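# Analysis of the macromolecular model
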Amino acid sequence: SMAYALRAALEKVGVGWDAGDGHFLCRDIAQLRAKLSESAEATKTLSRAACEVITGDDDALLVRLMACMSVGEPQSQPPLVGHTLLGVLLGVPPLRRELVCALLGKLQAYDGGGGEYNVPQLLLKHLRWLDLDEEEQHNVIESLKETLSGNDSVRSEIILALPDIVQDAHHEDVMKAISGYLTDQGCTSVVLEALSNLNLDEEALQEAQKRTLQSLESIELADFPPVIKFLLHSVTPATCQTLLCQLRTSLDKQLRKPYTPGRPSQSANRKEDFATSTMMTLDALSTGLRFKPEVAEAFLKMIKSVETAEKHCVVDIWLLLILYRLPTHRKAVVSLLTKKVAAGCITPELFTHCAEKYSGPLFVFSDEIEKLADQLLRWPDAAVRRFACTIVVQSFKSFQEQQKQQRFRQAVLNNVIAHLGSQSGDERDSSLTVLHTLAAEVAPDMTSFTEQLKGMMDYVDNLSPNQTRSMYQTLSCFAYYRVDSDDGEFMLNAALYSDLSMLIRKQLANPEERYRYVGMIGAASLLGRRALIPEDEVSKPEPNSHLQELFDLITENVVRAHAEYLPFMMDELYGSLFQRAHSAKLSPDLIQLLQPWLFAEFRESYFTQCPADESPSIWFFRAEAEIVLNIHPLVQKQDESVEAVAAMPTQASQCVWHSGSVARHPLEALCPHLRLLSLVMRLAPEDWFDRFLGCPISMFPKEELDKSHTTAEANQLCLSLYYAIQWIRETINVFHGHKSVELQARVVQCVSHLVELESQLNCCLAQTTSFSLPRAVAPTCLHVCANPARKPRKGPSSKPASKLPNLDPLQQFFRAFDLEAFTILNYKAVCSVSSQKTIEVDLEPEALGYLFRELRSVVMANLVPAKRGPVGAAAVGDASGNWYACAAARHTLPSNGEAKVLLQLVIACCRHLDKIPDKQRTLNKVNDADADEAGTAAKCDALSACLWEGLLCLDAILKVQLRSPNAQQQFFQDVLVAMAGIPEGDKGARNPFALALEVVKRFSELVPAFTRIELTRPFLSLLFSLTTLPLGNSDGFTPVRDNISNIAAVFLNKKWEADTLAIKAVLPTLVHHYIACSSKPVNPVFTAVSRLAALTEAQDENPAAANTTKEKQKNKQPPFATMKPETACVFHKAILQELAWLFSRFDTKGNKGDSVQITLLTMHGMVQAFSKLMGLTKNAIYTDKVVLVECLRKGRVIVGHFLKWGDFLKAQLGQHTSVVSVIRKMQSGVRRLQAVCDHGKSLKDATISKLTPNLKKVLEQFVMRVVVLFSSADLGDVFTFGTLARRTLSGEMIQDSETSGSGSDSEQRKRKADEGNADVAPRKKHNPDKKNGEKKERTQKETEEEKMVKAKKEKKEKEKKDNDKVKGKIESEKRKEGKEKGKEKKEGEKEKKKKEKKDKGKEEKEKEKKEKKEKKEKK
């Protein structure tokens, strides 16, 4: 019935029905519209029928009503796109209201049916872009709001269509209505798309952004891409920073919580859903940053503002990679990333977490990762290169599933290997670190890249010794690798092993020395890796035993053919096996091969039977000893000919190997042999091995040291002492860990022997001009000059006198101590060697100081980062490199082991240092009772040297840098606990700042033991190092710094029994800590200046006026005890340096909570101190050139920073009267600087004349600024302006002839020449006699009065010129100010005009809207 009624109504209007296609047929749409507008009855009937169809249940008929109509004859043309019957009806105003109401009613009643037809979408399509009036528009909005809240099935379609249905004036209401559905399931993307299509003003847009940001916490990760698109598209410069910060934090929270899909996903795998959502989020971020450069810059600023590593997140890594993809921001990203990594804010652990959890999304940036890692590997900073290594390793481990990822791994590996050919040693180290990490973690996956790994061998010639060792260890790990885990089965990479062994054979057979060293490193590395594997554990069958093959390769090419390389080979074997012995057990087969080579040879090569009676040539004799080490006899035999060596089978200078005979090793292999033997003894211990500790040494009679010898004999003595020192050092390294009390006593005795031997070697070197070490130790002849022949250092020495040996040239060739060897300091009770009773350990001061010095050298060499040299300074290990020194270097412990050992050593060092004051008191008592003053003085010097070395040692430990930042912070916390003397059982939480205070209090007890002023320097340096530890906010160390300042003041006020040169050397350090460590440094500066002024006044005072000035001096502070006329210049220079430092760091804004008045008071104190310091130059004490030069240098700095305070002083000039006094005090100091310049010019000194022009420029700027400041404030009566008279430092006037110099002479000559040219008429003939006569007459006529008149005129002219210049500058500055004010006025007028235009435009728009409304109402 509905279809019949509709067809009947349409036939009246001229619309037919095409039964074939199921479309309505209209021959002419224009005629249809005309009929509908003319015929009211037909319109009513048609609207009733259409409304019945719309509100009815026949959806098929409704869809036909909303389908496109055919125009023309039936079946002649397809339906016309865009013209529907319902659309034509809605275009007629009389029909519109009823039809719209029907459509809205249909939407409200829609229950989700419709079958194949999307009825709501078709209905909403016809509601778009209708020309509705205000009432109709309001009804439509309210109806749609009701439908949104009541009907969930059509909510998404309505939200999408609302921006096209509603007019622009109602878009804000629509935004408020639909933003509440952001968190509904399935509506987030729809709402955001609708919001982006709305035409909103700034306030409404900000409101939409706020609503969107508030809903971020409840939105799932799958809905984040449209959120990011909307926010980045609608962001404005005003809301950019806050919006991006909230977006970053919410995205980080979303990534941290477990993933739950927001809508039903087609994928059954949850990880794939998470990966796809993450990738879509990254894609939205990248598109937003690509088309919004200002957003990219805002993101860079936001990442830059993050200060700590805890606040950085994975989102920052993604953002940096996205921005790195943009060419315009690539440099900025690299700069920001390197700074963040160097500061420890972005850590390798953060990228590791990103690569492990988000490997799929991260692979999108594979090209950027490859380029960035390749660029960062070349960076000079070690932390940045370490981060680049982490990038390469983690991306290599994460990207291994798809074929594209395999191509990425191959490209990355090629880039890393290519870095081995760089000229930078740091870059090569980073590349080797990456390869070694890959060998340790993913070696089974590297078998497919064997050909690339073989390319590493091509870069052997470009590597240093340590880099060569690292490369061969890496290749050995690739050749023999474990499957699955550390306990898995070993596998052999046969292709790599064959090439590697072939290369090693060629290098060992090469006649060049360097290639033999490289071959020995490769053989030792491969043997050390193979030594972990028993013969039956290698998976692939081997035709021959690789272990036996490698061992035969070493013995044939090194031991038998080239015995001079035996020490190097033994050290390499030890280094290779030492690394494996800690992580895994060595193969028993290797021990069987090494036993006949090491056990029997060691004793028979170097030792003999100990005689029953003591001999002068046997040192350190013990009655119970069984063997004696032959050193000096073997050294003597080394100088004999080769024929004598062949005749003596026991000779040890060269290795003579015969079949069936015993090998005799060179003496250079003594210590390497012992070290390798000790490693084997850990696995197969023997009782006879302990006999080597503390055994006597066959040397020469000690009387030989006092005799005169030839150069050859002196070299023999030095070489014997050198080998003895090497032996004892190595025995301490080997036997330090024994728990036997008897062996510990021998170790302690060895330390004393070591000090004695090194002092004897120091004396023996004085008898020879050069001393050459063996070639196996030093590749070239090392010339060691005697200590007395050294050139004295310039200036006073700041180190106390010591009896400790100083063998700096030989230090690099001594056997280095293990860090664990210094546990000797922890020995508490040992067995006495003489009485065989257990006694308490009390090391001698010389031995204790020696251990402190060696411990400091080991810590500084291995655990403290050295200053980076120039790029490429870590040069290639060529033939001239010290390969043996690299092989003999000690192998460090892991990070955790180092920290534990260092903590034990800190406790031991503090325990030994605590005993020094008591020892000092006992020595003072003995000195009072005994007449041997020289002996007690020597012991006091030894205690001072021991205290010096102990303080330096603790200071070095506070500079240790471990590999992990967390371990670093925990280590420093434990060190503070140990230095504070807290027992180990007390594990309570401690504040690091309180601990530092306790450390200062504990170490303050050492101050009475300071008999020399030189000890104050390491003491204050140690205390100051406490305040630089990275343990939180540095403001917490303020009480510690105040205590350091007070201690420095005590040192300054103490009477030291030392020469003036020693006091001068230490005074700058004391003054620096006294001022810089104070929380209010202005007070100590002013105090120091006042005390220095009191000293000068006391020197200038007459004896007759002494009584009159006593009352005045009562209120003044007396000078420091170290302030003397001899040290006054040093004090003046040091205080001036610290004052310049204060001026440079002073901020006119003040600290937090400081008022303007406090800032002015601080400023006044600094300026007054500067004025007093400059005023002291009137005294003759401070006329030294050093003081004058420092005044010129630091004076320019101080005046320059004072000029930066001009804006602050100008703002406070009318409010505070103290500003004038500040400038007045500064003016007096500036006047003294001018006097210093004039005095220096009269001295005609080159250095002073260079500094004067720059200072005078600053002084002129100061005068001009002050004049402008007072003139702008209408305070012209406060100051007077004029030319400053030239005076000396004492106040005497300087004549023009003294200060004018060569310039004034030239001017006078020019004037005389001009006058002469004016008076002299032209002559045809040249008559010299007449010319000379005329000159004499002229000179006689000029009297002295005329000269004075001329001088006065010149002065007046100069003053006028100066005044004109000043006035011109003042006028120019006033013009500039006027121009600036004019610009401000113009800008203000422009802004007013813009506002007026905007207001007029708004008024006009409102008028137009009102007129339109009135017209509509009239219609």
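## What to know about the overall build of the chain
In terms of regular secondary structure, the chain is built from 58 helices and 11 strands. Here the chain holds 1419 residues, and 48% of them are scored as buried. Nonlocal contacts in the chain, meaning residues at least 24 apart in sequence, comprise 75% of its contacts between residues at least 6 apart. Taken as a whole, the chain presents about 71900 Å² of accessible surface, with 50% of it coming from carbon and sulfur.

## As for the pattern of salt bridges
What the rule picks out here adds up to 26 salt bridges. A salt bridge links R729 to E758; the nearest nitrogen and oxygen atoms lie 3.3 Å apart. Of this pair, R729 sits in helix α35 (residues 711-735) while E758 sits in helix α36 (residues 741-764), and the two are 29 residues apart along the sequence. Summarising the burial analysis for this pair, R729 and E758 share the class buried.

## Observations regarding a negative patch on the surface
On the surface, a cluster of negative charge is contributed by E1396, D1399, E1403, E1404, E1406, E1408, E1411, E1414 and E1417. Here E1411 is to be found in helix α58 (residues 1344-1418).

## So, helix α45 (residues 1016-1026)
Note on helix geometry: an α-helix contains 3.6 residues per turn, so any two residues three or four positions apart are oriented the same way. Taking burial as the measure, the 11 residues of α45 include eight buried ones, the bulk of the element. Of all the residues in α45, the buried ones are T1016, P1018, F1019, L1020, L1022, L1023, S1025 and L1026.

## Digging into the sheet that holds strand β6 (residues 607-609)
What the four strands build is an open sheet, ordered β6-β8-β9-β7; its pairing is mixed. What marks the edges here is a single partner per strand, and that holds for β6 and β7 (618-619). Of the pairings in the sheet, the one linking β7 to strand β9 (residues 697-698) comprises two bridges and is antiparallel in character. In the strand pairing of β9, I618 is matched with S698.

## Some words on the nonpolar core
If you look at the biggest cluster of nonpolar residues, it comprises 339 residues, and the most contacted ones within it are W727 and F1003. Ranked by residues supplied to this core, first place goes to α35 with 13 residues. Residues L89, L132, V140 and I158 belong to the second largest nonpolar core, which totals 19 residues.

## Some details on the confidence of the model for the chain
Averaged over the chain, the pLDDT score is 75; the fraction of residues at 70 or greater is 69%. The low-confidence segment residues 538-544, where pLDDT is below 50, has 11 contacts with residues more than four positions distant or belonging to other chains. Segment residues 1103-1112: pLDDT under 50, and two contacts once partners within four positions in sequence are set aside and those in other chains are kept.

## Section: the packing of aromatic side chains
On inspection of all chains with the given rule, the structure shows 30 aromatic pairs. Judged by centre distance (6.2 Å) and plane angle (70 degrees), the rings of F351 and F387 are edge-to-face. One end of the pair, F351, is in helix α19 (residues 348-357); the other, F387, is in helix α22 (residues 382-398), with 36 residues separating them in the sequence. Judged by its relative accessible area of 3%, F351 is buried. Grouped by ring-pair contacts, the aromatic residues F602, Y606, F607, F689, F692, W727 and F735 constitute a single cluster. Across the ring face of W1056, the terminal group of K1054 is positioned such that the distance to the ring centre comes to 4.4 Å.

## So, the pairing of strand β8 (residues 627-630)
Of the two faces of β8, the one carrying I627 and L629 and the one carrying V628 and N630 are both buried. Direction of pairing for β6 relative to β8: antiparallel, over a ladder of three bridges. When the bridges of β8 are listed, F607 appears paired with L629. The sheet contact formed by β8 and β9 spans two bridges and is parallel. Note on β9: the bridge partner recorded for L629 is I697.

## A look at the environment of D381
In this structure, D381 sits in the loop between α21 (366-376) and α22. Under the relative-accessibility criterion, D381 is labelled partly exposed at 29%. D381 sits 40 residues away from V341 along the chain, and the two C-alpha atoms are 9.5 Å apart.

## Some thoughts on the environment of A509
With respect to the secondary-structure elements, A509 resides in helix α27 (residues 494-509). On the basis of relative accessibility, which here comes to 57%, the residue A509 falls in the exposed class. Sequence separation of A509 and G519 is 10 residues, and the distance between their C-alpha atoms is 8.6 Å.

Quick notes on the rules
Residues numbered from 1 in each chain as written. Predicted model: local features only at pLDDT ≥ 70, side-chain atom pairs only at ≥ 80, totals over all residues. Heavy atoms only, no water. Helix = DSSP H or I, 4+ residues; strand = E, 2+ residues; numbered from the N terminus. Buried < 20%, exposed > 50% of the residue type's maximum accessible area, 1.4 Å probe, protein only. Contact = heavy atoms within 4.5 Å. Areas by Shrake-Rupley, 256 points an atom, 1.4 Å probe, with all protein chains shown as cover. Salt bridge = Lys/Arg side-chain N within 4 Å of Asp/Glu carboxyl O. Patch = residues over 30% accessible without salt bridge, like charges linked within 9 Å, V, L, I, M, F, W, Y side chains within 5 Å. Lys, Arg positive; Asp, Glu negative; His and termini not counted. Charge placed at Lys NZ, Arg CZ, Asp CG, Glu CD. Pairing = 2+ DSSP bridges. Core = buried A, V, L, I, M, F, W, Y, C linked by side-chain atoms within 4.5 Å. pLDDT = per-residue confidence, 0-100. Phe/Tyr/Trp six-rings, centres within 6.5 Å; stacked < 30°, edge-to-face > 60°. Lys NZ or Arg CZ within 6 Å of the ring centre and 35° of its normal.

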